[in-house]
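Examination of the molecular architecture
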Number of protein chains: 2
Amino acid sequence: MLGLMQDWRLTLDKILSYAAREHPDTAVIDRSVTQSQVCDYRSLEREARRFTKALLRHNVVAGDRVATLLWNDTAHLAAWYGTMGMGAVLHTLNPRLHVDQIGWIANHAKDRMLVADARFLDIVEVIVAAAPGIETIVLVGGGAGLLKCGRPAISFDAFLASGDEGAPQWGEFSEESAAGLCYTSGTTGDPKGVLYSHRSNFLHAFAANQPNAFGIREGETVLPIVPMFHANAWGLTFMAPMAGASLVLPGSRLDGPSLAGAINEQGVTIAAGVPTVCMGLLDHLRATGSRPECLKRLIIGGAAVTPDLVEGFERDLGVEVIHAWGMTELSPVGCISKKPVNENRRLVDLGRAARLRQGSPIFPLETRIQDETGAPVPHDDRTPGHLAVKGPFVTKTYFAGTSEVIDAEGFFDTGDIAVRDQHGSIRIVDRAKDIIKSGGEWISALEIETLASALPGVAAAAVIGVPDVKWGERPMLVVEPKADAILEAEAILAGLDGQIPKWWMPERIEFRTIPLGATGKIDKKTLRTMMAAEG
Amino acid sequence: MLGLMQDWRLTLDKILSYAAREHPDTAVIDRSVTQSQVCDYRSLEREARRFTKALLRHNVVAGDRVATLLWNDTAHLAAWYGTMGMGAVLHTLNPRLHVDQIGWIANHAKDRMLVADARFLDIVEVIVAAAPGIETIVLVGGGAGLLKCGRPAISFDAFLASGDEGAPQWGEFSEESAAGLCYTSGTTGDPKGVLYSHRSNFLHAFAANQPNAFGIREGETVLPIVPMFHANAWGLTFMAPMAGASLVLPGSRLDGPSLAGAINEQGVTIAAGVPTVCMGLLDHLRATGSRPECLKRLIIGGAAVTPDLVEGFERDLGVEVIHAWGMTELSPVGCISKKPVNENRRLVDLGRAARLRQGSPIFPLETRIQDETGAPVPHDDRTPGHLAVKGPFVTKTYFAGTSEVIDAEGFFDTGDIAVRDQHGSIRIVDRAKDIIKSGGEWISALEIETLASALPGVAAAAVIGVPDVKWGERPMLVVEPKADAILEAEAILAGLDGQIPKWWMPERIEFRTIPLGATGKIDKKTLRTMMAAEG
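Structural notes, computed from the coordinates. (Residues numbered from 1 in each chain as written. Chains lettered and ligands numbered in written order. Predicted model: local features only at pLDDT ≥ 70, side-chain atom pairs only at ≥ 80, totals over all residues. Heavy atoms only, no water.)

**Describing empty space enclosed by the protein**
- Inspection of the entire model under this criterion finds five cavities of 30 Å³ or more.
- Taken together, A:Glu176, A:Ser197, A:Arg199, A:Ser200, A:Pro392, B:Gly3, B:Met5, B:Gln6, B:Asp7 and B:Trp8 form the lining of the largest cavity.
- Tallied by class, residues from the lining of the largest cavity come to three nonpolar, four polar and three charged.
- One number sums up the size of the second largest cavity: a volume of about 60 Å³.
- What lines the second largest cavity is B:His91, B:Thr92, B:Leu93, B:Asn94, B:Leu97, B:Ile105, B:Cys182, B:Tyr183 and B:Phe229.
- Class assignment for the residues of the lining of the second largest cavity results in six nonpolar, three polar and no charged. (1 Å grid on protein atoms, 1.4 Å probe; cavity = no way out; pocket = protein on both sides within 12 Å on 5 of 7 lines; lining within 4 Å. Points joined across faces, edges and corners; volume = space filled by probe spheres on them. Nonpolar A, V, L, I, M, F, W, Y, C, P; charged D, E, K, R; others polar.)

What follows is the structure in structure tokens.
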């Protein structure tokens, strides 16, 4: 027997339409240019609908991929909703990746159109050469003209003007339809595309905006520092209009002074970014002795928070830190660790260390930590296992993938190694591919790196496994000294002594510059090749 | 092109399973008996699964209706999840309705089983006689035995014991499957059954627990004073486990002292009830001079809040009032009016009067206020129209109904007459069937009643339309004086003068006892018959 409730599909156009209907005057502020531009949800919806009309005029049909190479600005937001609204697929390209990789991705996705920031013209040339499927090139912040390759580019304004007035049809397709495409940068192998559906993004916004997670309300002002090309800006460009909250879009201006200006001038109440960018903001606030007056909460994700970040914002500035863990394949929010709401015994018992953990899975995600045979490990906070997840906004298979990436019970292996305590709080100890297997036990490269990075004179630290006849693998520590610092292996070992098990102590320590990948993370693949070549 | 995310169905069993997995030790407190009984989500899930096993043993299959005649207690909660988990339909019966109506409803629903509080034995006898489809009768708080009609009844404990150990299959059916059935009491015509699906209840819990609405978090303790037979306790028995919040179940003890005891002894942070019950709590707190120490928020719905309730709780006791409007057909939350989170100009402008309005539709509900031709009326806060709604948790058709109750565009007419201001806040001015049409214009019976009820010596007031040759209809005001009060029509008219338009002034005033329906609302149908008979 089926229920008798309305057949109302979860399509993303309804989020912006709701905001335009119920919160028409709520501001959307674009700070990508020197002079802030202010619009509201009423006019944003109008612009997004006009974008749809222009897409139709340029022969884009439902299912086609429309690529963007843009920062967080209103043009990106109009393209976002205008593309998804008609059932085409918004494919966010990450300008921080290697240019050849961006071209490879655009071609793999079979993008039919590219909307790019005019400042990325050099990247655009490479993309267009690599992805012959791109028929239309639109430049934001630049005039029309010919690319070096001879192909014409149209300005964003001219493109919009090509769409006639009148509301195009939005929605009216299956909620399972593809809405967005985002490739993971992956330090191993080729990038992989995650193809979000309208339903998965809609449910993710519902789930990640629950009070246990982001908890955004009407009357708030949201600053997504995290780019829209970084896993949908963690869903914030869906949650803000859903909640009727104001949006502040920072463009490319992500340095401390610019962010502090955006926060104080626009009355931002909640912001979200990766640790390095948040550290830049904190450094600026410390250096100038200024306070972010309206800012109540800061979501930090993409990498683990440090004690300094939590204390700097919470204790010194009164800004609550919401520590979020996730990944592109999870849409992206998986776990949240935040301050408890009440004097609940369990939560107080957990103490401050709990804030540095990845925390509890948001409803309704199912998580499992399992050994290599697939059996669950004990929840004793000591036994590490592979973290697997299941839920309505978790990847089933990659774009153009030949097989599903879920197991027989529907779980997706995150590639992370984690422990879980008796209260359900998860702590990630390492990436599965980085963990070192020594004598049948696991050594967490990440934990040694975190400790070594904090030692005096250390700019960066990386641990990789090197083959060992007796133990299978042993850890090697590579240290990059700070400028002018003179480091000795003995001092490093002394610094680690007593903080990790004896058998975790690095077998070898080497000093050299550590290679970084496109997203600023340590490139262990290159490092392993380097060290193997040196022998 | 379809997205490539996991096929994870929105079924309600997953809510309790999530709570049992992530918040196993969070308390569920049953205060239906003198000595509070405490269990937790881990043991509640175990009991609910055992209930499923017992259902299967008693030949209940997916789609069958399992009726409950119970207050809010753990037995009800176990039956709730145990029934829905296996795909059977939990049909909540309202013991406050007239006993013949309850019997009619149980028969109309073709209930196959009845789980009832032993204190309702008299009602059970009538139901069993009226609904021959009921095969199994289970009594909570009573032993096994024979009913007067000779049918055997089994105790809840014995019923549970008949289910063997081991986890039964939960979920694994379409998310569109029916989960719950609730009849509207309707003062006109036969009661109508709303058949909720797993998907609609799941999405309603997601929507109504957003920070703009109920906003329940982990660490909180929730007291649903509103019964589970009153539109799913407004979704709270889904939201609390979803958020990992504690639940306090008050049983039938809904008087002021009992509620104050529950709040203070269990540390309740958020409670929810209808205005009369909340007024009882406020009266008790005022009389004893006590304060509800932990209580932060009180959701009041089912009827409009009064200024006294809002001021009594917010100003005097520091408890935020969340004013909720909804109806059974909406699962039930439709609109919310609550204190703004920030110093937002728009929200402050609205001022305190805004709290008495029904407020804004929760995301993603679509609302429309239309005239009798279906055309939208202006959003000027003056032009009334029929309030229609559309969304994923709104009724499409009634149980065993022969036709859909939505219009060509998918909107359901709520039967309420409302105005809307330019900010989207809705104010309900009357029920469509109560509004008086005079000279082609509408007179709100509700507004006159609200004003008249507040006059000195008035216990209750009701306004009905009486036929008029010139105007079509004119308002007649029926006043029930307080005990010992002596009222004169002139004083009543003087009290209304200047507060309503001249042409709204009642044509006639009558003094007598006003008939009430089963749910305590004024029974205008009977009143109209009474007054017509008197001429």
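**Regarding the pairing of strand 21 (residues 426-431) of chain A**
Residues and elements named next belong to chain A.
- Inspection of the sheet shows strand 20 (residues 412-420) paired to strand 21 by five bridges, in the antiparallel sense. Bridge pairing in strand 21 places Ile417 opposite Asp430.
- Between strand 20 and strand 21, which pair antiparallel one after the other, the connecting turn spans five residues, and Gly424 there sits at a positive phi close to 95°. (Pairing = 2+ DSSP bridges. Helix = DSSP H or I, 4+ residues; strand = E, 2+ residues; numbered from the N terminus.)

**Some thoughts on the sheet that holds strand 7 (residues 145-146) of chain A**
Residue and element names in this part refer to chain A.
- One open sheet accounts for eight strands, arranged 7-8-6-5-3-4-9-10; its pairing is mixed. Unpaired on one side and paired on the other, strand 7 and strand 10 (192-197) mark the two borders of the sheet.
- Direction of pairing for strand 4 (residues 89-92) relative to strand 9 (residues 178-184): parallel, over a ladder of three bridges. Looking across to strand 9, one finds that Thr92 is bridged to Cys182.
- Here helix 3 (residues 74-85) sits on the sheet in contact with strand 3 (65-69), strand 4, strand 6 (136-140) and strand 9, set at roughly 145° to strand 4. (Contact = heavy atoms within 4.5 Å. Axes fitted to C-alpha atoms, helices over the stretch in contact; angles between N-to-C directions.)

**Some thoughts on the relation of the copies chain B and chain A**
- Here chain B sits on chain A after a turn of 180° about the axis and a move of 0.0 Å along it, with an RMSD of 0.1 Å. In symmetry terms, the pair is related by a two-fold rotation axis. (Least-squares fit on C-alpha atoms with pLDDT ≥ 70 in both.)

**Description of the packing of aromatic side chains**
- The final tally for this structure, using the stated rule, is 25 aromatic pairs over all chains.
- Ring pairing ties together the aromatic residues A:Trp8, A:Tyr18, A:Phe202, A:Phe206, A:Phe363, B:Trp8, B:Tyr18, B:Phe202, B:Phe206 and B:Phe363, which thus form one cluster.
- A cation over a ring is seen here: A:Arg368 above A:Phe411, with NZ or CZ 4.2 Å from the ring centre. (Phe/Tyr/Trp six-rings, centres within 6.5 Å; stacked < 30°, edge-to-face > 60°. Lys NZ or Arg CZ within 6 Å of the ring centre and 35° of its normal.)

**Details of the interface of chain B and chain A**
- In this assembly, 80 residues from chain B lie in contact with 80 residues from chain A.
- Regarding the contact of chain B and chain A, the summed buried area is about 6600 Å², with carbon and sulfur atoms giving 55% of it.
- If you sort the residues of chain B by the area they bury against chain A, B:Met5, B:Gln6 and B:Phe363 come out on top, with a joint share of 14%.
- The interface formed by chain B and chain A includes four salt bridges.
- For the salt bridge of A:Glu22 with B:Arg420, the shortest nitrogen-to-oxygen distance reads 3.5 Å. (Buried area = accessible area lost by both parts, 1.4 Å probe. Salt bridge = Lys/Arg side-chain N within 4 Å of Asp/Glu carboxyl O.)

**Considering unusual backbone geometry**
- With an omega of 0°, the peptide bond between A:Phe363 and A:Pro364 qualifies as cis.
- Secondary-structure assignment places A:Pro364 in the loop between strand 17 (360-361) and strand 18 (366-370).
- Its identity is not glycine, yet B:Asn232 carries a phi of approximately 60°, on the positive side.
- If you check the backbone angles, B:Trp234 has positive phi at about 60° while not being a glycine.
- Within the fold, B:Trp234 resides in the loop between strand 11 (221-224) and helix 8 (236-243).

**What to know about the packing of helix 9 (residues 256-266) of chain B against helix 10 (residues 275-288) of chain B**
All names here are of chain B.
- Interhelical geometry of helix 9 versus helix 10 gives an angle of 80° and a closest axis separation of 8 Å. Classified by the interaxial angle, the pair formed by helix 9 and helix 10 is roughly perpendicular. The residues of helix 10 that touch helix 9, namely those facing Gly256, Pro257, Leu259, Ala260 and Ile263, are Val277, Gly280, Leu281, His284 and Leu285.
- In terms of residue class, the contact of helix 9 with helix 10 is built from seven nonpolar, three polar and no charged. (Parallel < 35°, antiparallel > 145°, perpendicular 65-115°, else oblique.)

**Some points on the side chain of A:Thr26**
Residues and elements named next belong to chain A.
- Of note, Thr26 is situated in the loop between helix 1 (13-22) and strand 1 (27-30).
- Residue class for Thr26 comes out buried when judged on its relative accessible area of 18%.
- Ignoring anything within four residues of it in the chain, the contact list for Thr26 reads Cys39, Asp40, Tyr41, Gly244, Ala245 and Ser246. (Buried < 20%, exposed > 50% of the residue type's maximum accessible area, 1.4 Å probe, protein only.)

Read these as geometric descriptors, not functional statements.
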